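Listed here are the chains, written in short residue letters.
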Amino acid sequence: MPLALLALAVGAFGIGTTEFVMMGLLPDVADDLHVSIPTAGHLVSAYALGVVIGAPLLAALTARLPRRRVLIGLMVLFVAGNAVSAVAPDHHALLLARFVSGLPHGAFFGVGAVVATSLVAPERKARSVSLMFLGLTVANIVGVPVATALGQQLGWRATFLAVSVIGLAAIAALAALVPADHGHGSAVGVRSELRALGSLPVWLALGTTVAGFGALFSAYSYITPMLTDAAGFADGSVTLLLALFGVGATVGNLAGGRLADHSLRGTLFGGLASLVAVLALFPLLMRAEWSAALAVLLLGTAAFTTGSPLQLMVMEKAAAAPSLASSANQAAFNLANAGGAWIGGLALAAGLGTTSPALTGAALAVLGLGVAAVAYAVDRRRSTAVPAPGRLVAAHLPAEAEPARR
């Protein structure tokens, strides 16, 4: 695997760290800026909104630019957003800075996935995408806990300065390691890219992402009360258990990339089916500490097994607009984050029990399987509807040439 994938992984590590670290710093930020914790929680939503808006917008605006230059420019915007976050004087300024920090997120992963697949042989495409995503999953093991501890010891502003430094390291790595001859942008216009994005197979792939990762976030958003109230863990153990989730996500991401190079559909269906099983068993697994820890590990593994297959599938279905489609998939991921958390919260608010968000997640994973099955059926119907090459030739031969051809 080429070293350029390391540069992409460094950028992904910084993005993953800044995305998830805010959850652990909310009390510190709220206290320092004199706002309530629910109000400070809007900082998480502002980042997600930036991702959803920025992913398709920036990918479309930069479609014709050299991709290495686009990646560097996106990381410059990322560094600027985090640097401004570190010096934001009040909550409103920090809210805007978090929105700006989220803008390059989806486009970076979208364009990065296109560059990653262009660097390797066709049979290694899914694996190359999984290696880029490795930075995101490792951020949950190392980056988020370290950044949270740094913020708690030196103040939350130090965390965003540290993330800015990671962004600068990513810029240097991208400039040094991503070869220029793999960095050309799309030759088609924005309208053509939007047309390619509007096909039914692309929307079915995006729908699978929303449902599948919505299943994850329905449960993961409320994993702390599950671990403390249902499984009986002390509050101080939760950080270690969340790192265990990161370990599972890393294993699932790497395994999913390797397996998807052999069978893209098989890996996707297998990952979603595993996610259904794990989430359905959550109420039982949360009855003891050892099984609850196992559940957290398996949740990360099952969910992230589907990451690379979904990213690659969206890119393949929109072959004329891979950067835009790949970025749109990141927007779908963040919609899944918000939607899954909302649906899981409805189950809790209805009084269905501490582990009920996991069961709503299982239902969403079943929906994801259904959407993936419809996508598979549509692909089969379209492939069988294409006439055989011989018939195409025969249809265009003059009538008098038919006897000679036969």
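Residues numbered from 1 in each chain as written. Predicted model: local features only at pLDDT ≥ 70, side-chain atom pairs only at ≥ 80, totals over all residues. Heavy atoms only, no water.

A. Broad picture of the overall build of the chain. When helices and strands are counted, the chain shows 18 helices and zero strands. Against the 2.2 N^0.38 benchmark of 22 Å for 406 residues, the chain shows a C-alpha radius of gyration of 22 Å, consistent with a compact globule. Each principal axis of the C-alpha atoms in the chain carries an extent, and together these give about 85 × 45 × 35 Å. When the 406 residues of the chain are sorted by exposure, 53% land in the buried category. Here the contacts in the chain between residues at least 6 apart in sequence split such that 84% fall between residues at least 24 apart. (Helix = DSSP H or I, 4+ residues; strand = E, 2+ residues; numbered from the N terminus. Rg over C-alpha atoms; globule rule 2.2 N^0.38 Å. Buried < 20%, exposed > 50% of the residue type's maximum accessible area, 1.4 Å probe, protein only. Contact = heavy atoms within 4.5 Å.)

B. Spotlight on a nonpolar patch on the surface. Among the surface-exposed residues, L49, I53, L57 and L61 lie close enough to one another that they form a single nonpolar patch of about 380 Å² accessible area. On the accessibility criterion, L49 (46% relative accessible area) is partly exposed. (Patch = residues over 30% accessible without salt bridge, like charges linked within 9 Å, V, L, I, M, F, W, Y side chains within 5 Å. Areas by Shrake-Rupley, 256 points an atom, 1.4 Å probe, with all protein chains shown as cover. Salt bridge = Lys/Arg side-chain N within 4 Å of Asp/Glu carboxyl O.)

C. Main features of the nonpolar core. Of all hydrophobic cores here, the largest spans 59 residues; its most connected members are L216, F282 and M286. Look past the residues within four positions of M286 in its chain and what remains in contact with it is I223, M226, L227, A230, A231, A292, A295 and T355. Core analysis: the next-biggest nonpolar cluster, separate from the first, contains 39 residues, L8, F20, L136 and V144 among them. (Core = buried A, V, L, I, M, F, W, Y, C linked by side-chain atoms within 4.5 Å.)

D. Examining helix α5 (residues 91-118) more closely. Taking 1.5 Å of rise per residue, 28 residues should cover 40 Å, and α5 covers 42 Å from first to last C-alpha, within 8% of that figure. Counting buried positions along α5 gives 21 out of 28 residues, so the element sits mostly inside the fold. Its side-chain oxygen placed 3.2 Å from the backbone nitrogen of H92, D90 serves as the N-cap of α5. (Expected span 1.5 Å × (residues − 1). Polar contact = N/O pair within 3.5 Å; in protein donor to acceptor, adjacent residues only side chain to side chain.)

E. Broad picture of the pattern of salt bridges. Taken as a whole and assessed by the stated rule, the structure comprises four salt bridges. Residue D32 is joined to R157 by a salt bridge in which the shortest nitrogen-to-oxygen separation is 3.7 Å. Of this pair, D32 sits in helix α1 (residues 4-33) while R157 sits in helix α7 (residues 156-177); the two residues are 125 residues apart in sequence, bridging distant segments of the chain. The class for R157 is partly exposed, based on a relative accessible area of 27%. The salt bridge involving R127 is made with D261; its shortest N-O contact spans 3.5 Å. Of the two residues, R127 is situated in helix α6 (residues 125-154) and D261 in the loop between α11 (238-260) and α12 (264-285); the sequence distance between them amounts to 134 residues. Taking relative accessible area as the criterion, R127 reaches 16% and is therefore assigned buried.

F. Here's a closer look at the environment of G300. Tracing the backbone through its elements, the reader meets G300 in helix α13 (residues 289-305). Excluding its chain neighbours within four sequence positions, the residues that come into contact with G300 are F245, G248 and A249.

G. The packing of α6 against α7, seen in detail. Running from amino to carboxyl end, α6 crosses α7 at an angle of 135 degrees, the nearest separation of the two axes being 6 Å. The angle between α6 and α7 places the two elements in the oblique class. Handedness of the α6/α7 crossing: right-handed. On the side of α6, the interface is formed by A147, L150, G151 and L154, while α7 contributes W156, A158, T159 and A162. (Axes fitted to C-alpha atoms, helices over the stretch in contact; angles between N-to-C directions. Parallel < 35°, antiparallel > 145°, perpendicular 65-115°, else oblique. Left-handed = near helix turned anticlockwise from the far one by under 90°.)

H. Structural context of the packing of aromatic side chains. Under the counting rule described, the total for this entry stands at nine aromatic pairs. Centroid distance W156 to F160: 6.1 Å. Interplanar angle 80 degrees. Geometry classified as edge-to-face. With W156 and F160 both in helix α7 and four residues apart, the pair spans about one turn of that helix. A relative accessible area of 3% means that W156 is categorised as buried. Its relative accessible area of 0% is what places F160 among the buried residues. (Phe/Tyr/Trp six-rings, centres within 6.5 Å; stacked < 30°, edge-to-face > 60°.)

I. Just the confidence of the model for the chain, in detail. When pLDDT is averaged along the chain, the result is 85, and 90% of the positions lie at 70 or above. Throughout residues 388-406 the model reports pLDDT below 50, and contacts reaching past four residues in sequence, or to other chains, amount to five contacts. (pLDDT = per-residue confidence, 0-100.)

J. Highlighting the environment of L352. Here L352 is to be found in the loop between α15 (322-349) and α16 (356-385). With relative accessibility at 60%, the residue L352 sits in the exposed group.

K. Structural detail: the packing of α12 against helix α14 (residues 307-317). Where α12 contacts α14, the axes come no closer than 10 Å and their chain directions differ by 135 degrees. Here α12 lies oblique to α14, going by the angle between them. In the packing of α12 onto α14, the handedness of the crossing is left-handed. Note on element contacts: α14 touches α12 through P309, L310, L312, M313, E316 and K317, opposite L264, R265, T267 and L268. A per-class count over the contact of α12 with α14 returns six nonpolar, one polar and three charged. (Nonpolar A, V, L, I, M, F, W, Y, C, P; charged D, E, K, R; others polar.)

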